[in-house]
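# Structural overview
If you want the building blocks of each chain, they are given just below.
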Amino acid sequence: DRFGTAASDPTLDAIIVSSETKEAAEEINKARKKRRLKLLSIIAIPMQLAQDGLPFSATRIQSGVISPDGRRLHPLRIAVGSDNPSKIDGVRQAYARAFPNMRLEVRGFRVRSGVGEQPVGYALTSKGAQNRAKAARHAWPSCDYAVGLESGLIPFGSDAAVRYFDIQFCCMEDGRTCSFGC
């Protein structure tokens with residue numbers, strides 16, 4: 001029984017879950033309702049992050065990635081969706097500032113953006129960064145973070161005198177969530 005006794009024990013009043021497992025608690029309450037048991041109060045607590053900014057979990061402790069107090073035991077692995085040394089070094093420097101006391105392993109991969117050589121507009125440029133991050137994770141599936149960088153042009157002005165801003169998008173993903181910056 002994937003719910004253990006939580007779906008059938010009439011003496012329970014509440015269940016404490018992480019925000020990521022709240023759906024499972026709602027499923028437990030559905031099972032309790034079918035059994036005509038009192039619904040549990042669901043108390044969702046925020047996910048605690050380890051030193052590497054990733055979720056603190058028993059699985060990560062048991063697999064030797066983090067210690068029981070959340071310290072990273074191995075270098076933080078970062079895949080970059082580019083083989084450009086300047087971009088790889090920029091990513092390395094950014095992560096070194098974000099995680100100052102952590103060993104880093106940064107690898108670059110020649111990947112395609114999927115949006116053409118020179119994307120125009122926010123949508124295509126951000127999509128290129130996201131595609132590069134996904135491709136970097138695919139190239140190194142065991143990485144902790146994947147980063148995609150994409151330069152694009154943003155048009156402004158009238159049709160007769162269009163000018164362009166050069167913009168750089170960064171997409172960072174950890175296998176669960178994806179963040180953008182420009």
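Right above here is the structure, for reference.
Residues numbered from 1 in each chain as written. Predicted model: local features only at pLDDT ≥ 70, side-chain atom pairs only at ≥ 80, totals over all residues. Heavy atoms only, no water.

## Topic: the sheet that holds strand 5 (residues 145-156)
Put simply, the rule reads: A pair of strands is labelled paired if DSSP reports no fewer than 2 bridges between them. Secondary structure is summarised from DSSP: a helix means a run of H or I of at least four residues, a strand means a run of E of at least two, and numbering begins at the N terminus for each. For every element, the axis is a line fit to its C-alpha atoms; helices are fit only across the contacting stretch, and the angle between N-to-C directions ranges from 0 to 180 degrees. By the convention used here, residues are in contact when the closest approach between their heavy atoms is within 4.5 Å.
Strand order across the open sheet formed by five strands is 4-3-5-6-7, with mixed pairing between neighbours. Each end of this open sheet is capped by a strand with a single partner; those strands are strand 4 (104-108) and strand 7 (178-181). Going from strand to strand, the sheet's axes swing by 25 degrees on average, the running direction of each strand aside. Summarising the sheet, strand 3 (residues 76-80) and strand 5 pair through three bridges and their orientation is parallel. The partner of Ala79 across the bridge, within strand 5, is Ala146. The strands that helix 3 (residues 85-98) touches are strand 3, strand 4, strand 5 and strand 6 (163-173); relative to strand 4, the one it contacts most, it runs at about 155 degrees. Of the strands in this sheet, strand 3, strand 5, strand 6 and strand 7 touch helix 4 (residues 122-139), which is tilted by about 165 degrees from strand 5.

## What to know about unusual backbone geometry
This is how it is decided: Type-normalised accessible area, obtained with a 1.4 Å probe on protein chains alone, sets the label of each residue: buried when under 20%, exposed when over 50%, and partly exposed for intermediate values.
Of note, Arg36 is a non-glycine position whose phi angle comes to about 60 degrees, a positive value. Counting through the fold element by element, Arg36 comes out in the loop between helix 1 (22-34) and strand 2 (41-45). For Arg36, a relative accessible area of 80% translates into the label exposed.

## What to know about the pairing of strand 1 (residues 14-18)
We count it as follows: Here a crossover is taken to be right-handed if, once the strands point away from the viewer, the path from the first strand over the helix to the second is traced clockwise.
Note that strand 1 and strand 2 share five bridges and pair parallel. By the bridge assignment, Ile16 is partnered in strand 2 with Ile43. Traced from strand 1 through helix 1 to strand 2, the parallel crossover comes out right-handed.

## Observations concerning the environment of Leu153
Mapped onto the elements of the fold, Leu153 is located in strand 5. The sequence separation of Leu153 and Arg163 amounts to 10 residues, and the corresponding C-alpha distance is 9.3 Å. Once residues within four sequence positions are removed from consideration, Leu153 is found in contact with Gln118, Pro119, Val120, Gly121, Thr125, Tyr164, Phe165 and Asp166.

## Here we look at helix 1
Selection criterion: Each residue after the first adds 1.5 Å to the expected span of a helix. By arc we mean the arc of the directions from the helix axis to the C-beta atoms, nothing more.
When the terminal C-alpha atoms of helix 1 are compared, their 19 Å separation across 13 residues agrees well with the 18 Å that a helix rising 1.5 Å per residue should span. Of all the positions in helix 1, only Ala25, Ile28, Asn29, Ala31 and Arg32 are classed as buried. Relative to the axis of helix 1, the buried residues are bounded by an arc of 160 degrees and lie together on one face. In helix 1, the exposed residues that point more than 90 degrees away from the buried face are Glu23, Lys30, Lys33 and Lys34.

## Overview of the nonpolar core
This is how the line gets drawn: Residues belong to a common nonpolar core when they are buried Ala, Val, Leu, Ile, Met, Phe, Trp, Tyr or Cys residues joined through side-chain atoms within 4.5 Å.
Counting residues in hydrophobic clusters, the biggest one holds 13 residues, and the most contacted among them are Leu76, Ile78, Val91, Tyr95 and Tyr145. Within the residue set of this core, elements represented by two or more residues are strand 3, helix 3 and strand 5. Ignoring any residue separated from it by four or fewer positions in sequence, one finds Leu76 in contact with Asp52, Tyr95, Phe99, Met102, Arg103, Leu104, Glu105, Asp144 and Tyr145. Counting residues in hydrophobic clusters, the runner-up holds nine residues, among them Ala6, Ala7, Ile15 and Val17.

## Focus: the environment of Tyr95
In this structure, Tyr95 sits in helix 3. The class for Tyr95 is buried, based on a relative accessible area of 6%. For the pair Tyr95 and Ser57, spaced 38 residues apart in sequence, the C-alpha to C-alpha distance is 22 Å. Residues within four places of Tyr95 in sequence aside, it is in contact with Leu76, Ile78, Leu104, Tyr145, Val147 and Met172.

## Quick notes on helix 4
The periodicity of an α-helix, 3.6 residues per turn, causes residues three or four places apart in sequence to face the same way. Taking 1.5 Å per residue, 18 residues should reach 26 Å; helix 4 reaches 26 Å between its end C-alpha atoms and fits that length. Every buried residue of helix 4 is listed here: Thr125, Ser126, Gly128, Ala129, Gln130, Asn131, Arg132, Ala133, Ala136 and Arg137. Those residues of helix 4 that are buried are in contact with strand 3, strand 5, strand 6 and strand 7.

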